[in-house]
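An overview of the molecular structure
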2 protein chains.
Amino acid sequence: MAEMVNVAVDAMGGDNAPGEIVKGAVEAVNEDRRVKVFLVGREPVIREELKKYTYPAEQLEIVHAEEVIDTGEPPVMAIRRKKDSSIVKAMYMVKEGQCDALVSAGSTGAVLVGGQVIVGRIKGVERPPLAPIIPNAEGVSLLLDCGANVDARPSQLLQFAKMGSVYMESVLGVKNPRVGLVNIGVEEEKGNALTRETYPLLQSCPEINFIGNVEARDIPAGVADVLVCEAFAGNIVLKMLEGVSDVLIKKIKGGMMSSLRSKIGALLVKPALKKTLKGFSTEEYGGAPLLGLNGLVVKTHGSSKAIEIRHSILQCIAFKEQNINEKIKEQIVLED
Amino acid sequence: MAEMVNVAVDAMGGDNAPGEIVKGAVEAVNEDRRVKVFLVGREPVIREELKKYTYPAEQLEIVHAEEVIDTGEPPVMAIRRKKDSSIVKAMYMVKEGQCDALVSAGSTGAVLVGGQVIVGRIKGVERPPLAPIIPNAEGVSLLLDCGANVDARPSQLLQFAKMGSVYMESVLGVKNPRVGLVNIGVEEEKGNALTRETYPLLQSCPEINFIGNVEARDIPAGVADVLVCEAFAGNIVLKMLEGVSDVLIKKIKGGMMSSLRSKIGALLVKPALKKTLKGFSTEEYGGAPLLGLNGLVVKTHGSSKAIEIRHSILQCIAFKEQNINEKIKEQIVLED
């Protein structure tokens, strides 16, 4: 039998903690025998939540942490001071090898800082990108970087492309993933200084399948599997995707309720529509990995429900079994 | 009676030229007595199109131009060489005061270059921003800059904020328009070097109603009337809005066709839905003005149909009657 995949889960992070976090962890261990979850947080409340469910006891363990880092706290300070917080404790479990991965719906800043400061970067990785999986018309793409550090260098974007390709191929099973550079035109000379300098680096890299510049217009259609950009642009892509979807779905629902005729129609289309929209929700695909660290750190939405936590935990299995970090190391070493 | 508003329309520009362009021009003059349209392009084909309609002859004139600038041509070269093209001729009609404004669905590059080189900037304007009107949940916002020149300076973003506020207030009738700086977080210190330097400039400008940073997530909800950013970010906002809407609407339509039950429902919701979606289409609001020039230059979508051309022409009336350029001059002079 293969080794267990040990995942530390921040039971206190996110708007729906600990209820939905604990529920997602229970669902994950009930679904897959290969994973063991360590629920990190206040033991009494976690224990109380766990009473609601049945699950294989050997796959679920509570690790007590007294403190909680709030989303409003300055992350560097919080990571330094709150040594007994669920995020910091979970980070150390990865750093010390007790866990392979960590899942948190808590403070994005604290997860990004903790990942770099406590878990640490793989040697040679310049900047670990936060890489959410985003839905498109055909399936999903990996968008990196969406982290907190803007103004990246071309060499960093090249590393994003390599790490993203490894993740997409090994974890999501996309063969020879198409890498696109997010830009404001398709021609090589289009864009800003960063994209113009990055283009030739991506083009001459034999380890990736570079398809050229990708305009934001074509991102939702799914023209690329790995979308490379610096964090300011990545954040706008991600947030526009979420914002436009939300508003449009609300508008459509409102439109359907505008007359008796449309109300009756709405009842009839509802099941089909629900299925369609589910496939286009960012919450269906688990969290965003922070790549290039000595272990896997997965950040899920602050509003995560059990389903996203479950997906995020199960994502960690492929990450370990496919030796993603070994593959990333090989790619990064190739540079030197 | 007030003076006529003279608008030069590039009859040869865009995917649907000259048919839809001519149709839009006819609709505009039939709708409003205050506007006179000069259809610039190949006279025989324009004349042929005009035969299909009735309209007040004194409000529509053909100006022959032999050449056409294709969207694929390098813009600087095209503007310089094709002196007898519809775009260049129309630009000169604005420069020489024969027309107050110009509307083109042709090459974006040629319109941007021609606007700056031929029509010319208002004294003091550092960079003329391309400012599309984008739909949101509550109405519309003006997004600037979406032009071709990236890597703007903070002082340019301040000018965008002022010009955008004048346009939004005078042309679209939004009192004291809320100005937001597009950023990756709401706190003042968030973002890249450009946004951090721009924030205090906007905050200390008494002529605008600055509401702070706006995350892309909140743009579709309509939290600001004027959205200020440099062109790379602006392009991503605009193109994601269009791309996500397109894919989502296609998915929803596909979902509705997936079963007999949903097909019947679709028939019932169709009219209400059509109305809702119309309000969220970028094509409903006319073209994007290129602000800060000695005249108004309006760029419409390459795929423009008559409705967008009509709206764009009618937009020019308010632009002239409200003395937008005088107001912009006042704002820019205030700086010195």
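What you see is a predicted model; the values in this text were computed from it and never measured. (Residues numbered from 1 in each chain as written. Chains lettered and ligands numbered in written order. Predicted model: local features only at pLDDT ≥ 70, side-chain atom pairs only at ≥ 80, totals over all residues. Heavy atoms only, no water.)

**Quick notes on the packing of helix 9 (residues 260–278) of chain A against helix 9 (residues 260–278) of chain B**
Between helix 9 of chain A and helix 9 of chain B, whose axes approach to 7 Å, the crossing angle comes to 135°. By the angle between their axes, helix 9 of chain A is oblique relative to helix 9 of chain B. Handedness of the helix 9 of chain A/helix 9 of chain B crossing: left-handed. Side by side, helix 9 of chain A and helix 9 of chain B meet where A:Arg261, A:Ser262, A:Ile264, A:Gly265, A:Ala266, A:Leu267, A:Leu268, A:Val269, A:Pro271 and A:Ala272 of the first sit next to B:Arg261, B:Ser262, B:Ile264, B:Gly265, B:Ala266, B:Leu267, B:Leu268, B:Val269, B:Pro271 and B:Ala272 of the second. (Axes fitted to C-alpha atoms, helices over the stretch in contact; angles between N-to-C directions. Helix = DSSP H or I, 4+ residues; strand = E, 2+ residues; numbered from the N terminus. Parallel < 35°, antiparallel > 145°, perpendicular 65-115°, else oblique. Left-handed = near helix turned anticlockwise from the far one by under 90°. Contact = heavy atoms within 4.5 Å.)

**Description of a positive patch on the surface**
All names here are of chain A. Together, Lys253, Lys270, Lys274 and Lys278 make up a positively charged patch on the protein surface. Among the elements that take part in the positive patch, helix 9 stands out by supplying 3 residues, more than any other. For lysine 270, the location among the structural elements is in helix 9. Assessed through its relative accessible area of 55%, lysine 270 is described here as exposed. (Patch = residues over 30% accessible without salt bridge, like charges linked within 9 Å, V, L, I, M, F, W, Y side chains within 5 Å. Areas by Shrake-Rupley, 256 points an atom, 1.4 Å probe, with all protein chains shown as cover. Salt bridge = Lys/Arg side-chain N within 4 Å of Asp/Glu carboxyl O. Lys, Arg positive; Asp, Glu negative; His and termini not counted. Charge placed at Lys NZ, Arg CZ, Asp CG, Glu CD. Buried < 20%, exposed > 50% of the residue type's maximum accessible area, 1.4 Å probe, protein only.)

**Things to note about the pairing of strand 11 (residues 296–299) of chain B**
Residues and elements named next belong to chain B. Going residue by residue along strand 11, you find Leu296 and Val298 tucked away on one face and Val297 and Lys299 tucked away on the opposite face as well. Bridge count between strand 4 (residues 101–104) and strand 11: 4 bridges; the pairing is parallel. From the neighbouring strand, leucine 102 faces strand 11, where its bridge partner is valine 297. In terms of strand pairing, strand 10 (residues 288–290) meets strand 11 through 3 bridges, oriented antiparallel. Pairing of alanine 288 across the sheet is with lysine 299, part of strand 11. (Pairing = 2+ DSSP bridges.)

**Side note on the sheet that holds strand 4 (residues 101–104) of chain A**
Strand pairing in a sheet takes place through backbone hydrogen bonds and is either antiparallel or parallel in direction. All names here are of chain A. Here 6 strands make up an open sheet; going across it, the order is 3-2-1-4-11-10 and the pairing mixed. Of all strands in the sheet, those bounded by a partner on one side alone are strand 3 (60–64) and strand 10 (288–290). Across the sheet, the axes of successive neighbouring strands diverge by a mean angle of 25°, strand direction being ignored. Sheet strands in contact with helix 1 (residues 19–31) are strand 1 (5–10), strand 2 (35–41) and strand 3, and its direction is about 165° off that of strand 2.

**Quick look at the interface of chain B and chain A**
At the junction of the two partners, chain B supplies 52 residues and chain A supplies 52 residues. Buried area between chain B and chain A, summed over both chains or domains, comes out near 4700 Å², and the portion from carbon and sulfur atoms is 76%. Here chain B and chain A share 6 salt bridges between them. Between A:Arg217 and B:Asp246 there is a salt bridge whose closest N-O contact spans 2.8 Å. Inspection of the chain B/chain A interface yields 12 residue pairs in polar contact (both at pLDDT 80 or more). Counting only elements with at least two residues in the side of chain B that touches chain A, the list comes to strand 7 (178–183), helix 7 (193–203), helix 8 (231–256) and helix 9 of chain B. Here the residues of the side of chain B that touches chain A are counted per class, giving 31 nonpolar, 13 polar and 8 charged. (Buried area = accessible area lost by both parts, 1.4 Å probe. Polar contact = N/O pair within 3.5 Å; in protein donor to acceptor, adjacent residues only side chain to side chain. Nonpolar A, V, L, I, M, F, W, Y, C, P; charged D, E, K, R; others polar.)

**Describing the packing of aromatic side chains**
By the definition in use, this model includes 4 aromatic pairs over all chains. Ring centres of A:Tyr199 and A:Phe210 lie 5.1 Å apart, and the angle between their planes is 80°; this geometry places the pair in the edge-to-face category. Of this pair, A:Tyr199 sits in helix 7 (residues 193–203) while A:Phe210 sits in strand 8 (residues 209–215); the two residues are 11 residues apart in sequence, bridging distant segments of the chain. Take A:Tyr199: its relative accessible area is 10%, and that puts it in the buried class. Considering the side-chain rings of B:Tyr167 and B:Phe319, the 6.2 Å spacing of their centres and the 45° angle between planes classify their relative orientation as tilted. Note that B:Tyr167 is positioned in helix 6 (residues 154–170) and B:Phe319 in helix 10 (residues 306–321), a separation of 152 residues in sequence. Overall, the relative accessible area of 7% leaves B:Phe319 in the buried class. (Phe/Tyr/Trp six-rings, centres within 6.5 Å; stacked < 30°, edge-to-face > 60°.)

**What to know about helix 6 (residues 154–170) of chain A**
Along an α-helix, a turn takes 3.6 residues, which lines up residues three or four apart on a common side. Taking 1.5 Å per residue, 17 residues should reach 24 Å; helix 6 of chain A reaches 25 Å between its end C-alpha atoms and fits that length. Among the 17 residues that make up helix 6 of chain A, 15 are buried, leaving the element largely enclosed by the rest of the structure. (Expected span 1.5 Å × (residues − 1).)

**Some words on the sheet that holds strand 6 (residues 140–144) of chain B**
All names here are of chain B. What the 5 strands build is an open sheet, ordered 5-6-9-7-8; its pairing is mixed. The sheet is open, and its two borders are formed by strand 5 (133–135) and strand 8 (209–215), each paired with just one other strand. Averaged over all adjacent pairs, the angle separating strand axes in this sheet is 35°, with direction ignored. Relative to strand 6, strand 5 runs antiparallel, the two being bridged by 3 bridges. When the sheet's bridge partners are listed, proline 135 is paired in strand 6 with valine 140.

**Here we look at the relation of the copies chain B and chain A**
Rotating chain B by 180° about the axis while translating it 0.0 Å along that axis superimposes it on chain A, leaving an RMSD of 0.0 Å. Expressed as an axis order, the relation between the two copies is that of a two-fold axis. Residue B:Gly265, judged by its C-alpha, is the member of chain B lying nearest the rotation axis, at 1.9 Å. Mapped onto chain A, 100% of the interface residues of chain B are again interface residues, and the two copies thus contact each other with one and the same surface. (Least-squares fit on C-alpha atoms with pLDDT ≥ 70 in both.)

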